[in-house]
Structure formats: C-alpha cells, structure tokens
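# Geometric and topological summary
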Amino acid sequence: MLTAQDFLAELQQRGALRLSRVHLRENRSVVWSLTQQATVLNVHAAYRAAPPELLDAFAIVAREGGVSSAATRRAASVISAWPDVWRAIEATRASRQLRSVTSCCATSEQRRYLRALYRYFNLTRFDGKLPDDIPVRLSGRMKSSLGHMVPIEDANGIREVEEIALNLDLMLERNGAERIDTLLHEMAHVADFLESGHRGHGPSWRRWACRVGCRPERLYDRPVAHRRRRRDPVQRVPLLPDALACLAV
Ligand SMILES: [Zn+2]
C-alpha cells in the first residue's frame, strides 16, 4: 500500500516533475483530478494499491498536466477502467446508505419526497453546485433541534457532507413553511462548509442563506407544531407538484 508520499515519489521517478503533492481521498465518484495548475493530484484512496502500469498511466497525465492528447486519453482510460476503484466506491456508497437508512424513520415515500425537494432546491437555488447524492433523513429523536448536517473533513482537508437530518415533526401538516426553511438552512450549511470549511452561522453562511432565500438566523425558537408523543409515527407525505415528482428517484 502506497502512502501519498510514496505515490508522489513513484510519479516523480517517472518524470512527473511538475507535481508537488498527492492527496488520497475517499471520494464517492471522482476517481482522480489534477488541481492547482496541475501541481496537485487527487486520487481515490483505492489507488494506494495501484500496480506499476497504473502508476505509469498516472505519470503520463501528470507529466502533461491533464488529458490533452491521444496518449493522455489512453492513460486516463486505463486509470478509470481499473475495477478495484469502482469496487471501493460501491462499497463506500453501500455502507453510507446503510448507516443513513438505519437511523432514519422516513417511509420510502417520504424519502422520495425529501430527495425531490433537495434536488429541486439544488437546481433552482444553488445552481446545482451541491452534491446530488447527500441523503436527507428524518429523525424522530430530535427534541428542540429542527435539523443538522454532518460534515466530514479528512486528514488532507478534503470536505464532504455525510447527510442532512430533519426533525420528523417537520413533516406535520402545519409545519410546511418551517420544513422548507429548515431544509434550505441545512443546504446553506452544506454549501458554506464545502466552499469555506465553516460550520456555524457566520457571515459566509448568512450570505448563502440570503442568496437561497431562508431566514439568515439560527433554527431556534421557531413556531413549529410537535407530535403529541415523541414515539408517534408521522407517515404523511406532502403533495409534490408534478414538475418535482420526476426528481423523486
Ligand atoms: Zn444552522
């Protein structure tokens, strides 16, 4: 298994002298990318076990600073055709979904509704900049809290968001406005965290909140209706306009 340093040394020995850093990341879909004027190579952590011919292929794209010629296109297709990396991505995705689904009390219809709403707001308010696959789950355990998002930052400073969770009470009929405001509030946290690394309600979050149209203040003391007893289930699914229903996949 190669460390990031080993990986860099292997590529430099193969003539990729422009490279100054390698980041190994547990990304879910991007297997490699060159950033910062092609001086930084981000590769999926599965490539720690890359055989020599794959390192040769990485050296070709790194030497030329990207995919620009027939040789680099060939190298790039060798890199992305490696089955082990896709197996690793699939395993990560499956374990995340499992963790998220087991702690979520949403019905499958509610999950579809939340997915459609997330996608709709991502497209219409965030210019599609947020990852498409962040799970939105419902929690029956939250008391005063209405929502949260779970940020992850790895040792290389690479940021991802594991999930957004909303209080189950928000699915009650009287809470429509707060449901939308809370989802946008959490999505603004996602955008702010991925962009700046900030997790609170500071100026960078407030700029996102104002831009996407949620109240630029904490989720505190909101006029929310609650279930009579906390163990009461809520299976209600608000009606989705037809235009959004196609996003519910
Ligand atoms: Zn907040």
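No experiment lies behind these values; they were computed from the predicted model shown.

Take the coordination of the zinc ion next. For the zinc ion, every protein donor is listed as His-185 (NE2), His-189 (NE2) and His-201 (NE2), and the spread of their distances is 2.1 Å. Donor residues for the zinc ion sit on one chain with the sequence pattern H-x3-H-x11-H. Of this pair, His-189 sits in helix α6 (residues 176–196) while His-201 sits in the loop between α6 and α7 (203–212), and the two are 12 residues apart along the sequence.

With mixed pairing, the 3 strands of this open sheet are ordered in space as β1-β3-β2. Either end of the sheet is taken by a strand with one partner, and the two such strands are β1 (21–25) and β2 (32–35). Neighbour to neighbour, the strand axes of the sheet diverge by 20° on average, direction disregarded. The pairing of β1 with strand β3 (residues 40–44) spans 5 bridges and is parallel. Note on β3: the bridge partner recorded for His-23 is Asn-42. Of the strands in this sheet, β1 and β3 are in contact with helix α1 (residues 4–13), which crosses β1 at around 130°.

Next up on the list: the packing of helix α5 (residues 108–125) against α6. For any two helices packed against each other, one specifies the crossing angle of their axes together with the interaxial distance. Contact geometry for α5 and α6: axes closest at 11 Å, N-to-C directions at 60°. Classed by the angle they form, the pair α5 and α6 counts as oblique. Of the two possible hands of crossing, α5 and α6 adopt the one that is right-handed. Judged by residue contacts, Tyr-113, Leu-117, Tyr-118, Phe-121, Asn-122 and Arg-125 of α5 engage Arg-179, Ile-180, Leu-183, Leu-184 and Met-187 from α6. Looking at side-chain class alone, the contact of α5 with α6 contains 8 nonpolar, 1 polar and 2 charged residues.

Right, let's get into the sheet that holds strand β5 (residues 147–153). The 3 strands lie next to each other as β4-β6-β5, forming an open sheet whose pairing is mixed. The sheet terminates laterally at β4 (136–139) and β5, the two strands that pair on one side only. Direction aside, the axes of adjacent strands within the sheet are offset by 25° on average. In the sheet, β5 pairs with strand β6 (residues 159–167) via 7 bridges, with the strands oriented antiparallel. Pairing of Glu-153 across the sheet is with Arg-159, part of β6. On top of the sheet, α5 reaches β4 and β6; it is set at about 130° to β4, its chief contact.

This brings us to the nonpolar core. If you look at the biggest cluster of nonpolar residues, it comprises 36 residues, and the most contacted ones within it are Phe-126, Ile-164, Leu-166, Leu-183 and Met-187. Within the residue set of this core, elements represented by two or more residues are α5, β4, β6, α6 and α7. Sort the elements by how many residues they give to this core and α6 lands first, with 7 residues. Apart from the residues lying within four places of it in its own chain, the contact partners of Leu-183 are Leu-117, Tyr-118, Phe-121, Val-136, Ile-164 and Leu-166. Counting residues in each nonpolar core, the second largest holds 29 residues, with Leu-8, Ala-46, Ala-59 and Ile-79 among its members.

A separate point is the domain arrangement of the chain. Many descriptions give the size of an interface as the accessible area lost when the pieces come together. The domains assigned to the chain are domain 1 (4–87) and domain 2 (103–245). Computed from C-alpha coordinates alone, the two centres of domain 1 and domain 2 are separated by 35 Å.

Parameters at a glance
Residues numbered from 1 in each chain as written. Predicted model: local features only at pLDDT ≥ 70, side-chain atom pairs only at ≥ 80, totals over all residues. Heavy atoms only, no water. Donors = N, O, S within 2.8 Å, 3.2 Å for Na, K, Ca; no water. Helix = DSSP H or I, 4+ residues; strand = E, 2+ residues; numbered from the N terminus. Pairing = 2+ DSSP bridges. Axes fitted to C-alpha atoms, helices over the stretch in contact; angles between N-to-C directions. Contact = heavy atoms within 4.5 Å. Parallel < 35°, antiparallel > 145°, perpendicular 65-115°, else oblique. Left-handed = near helix turned anticlockwise from the far one by under 90°. Nonpolar A, V, L, I, M, F, W, Y, C, P; charged D, E, K, R; others polar. Core = buried A, V, L, I, M, F, W, Y, C linked by side-chain atoms within 4.5 Å. Buried < 20%, exposed > 50% of the residue type's maximum accessible area, 1.4 Å probe, protein only. Domains from an automatic or database assignment.

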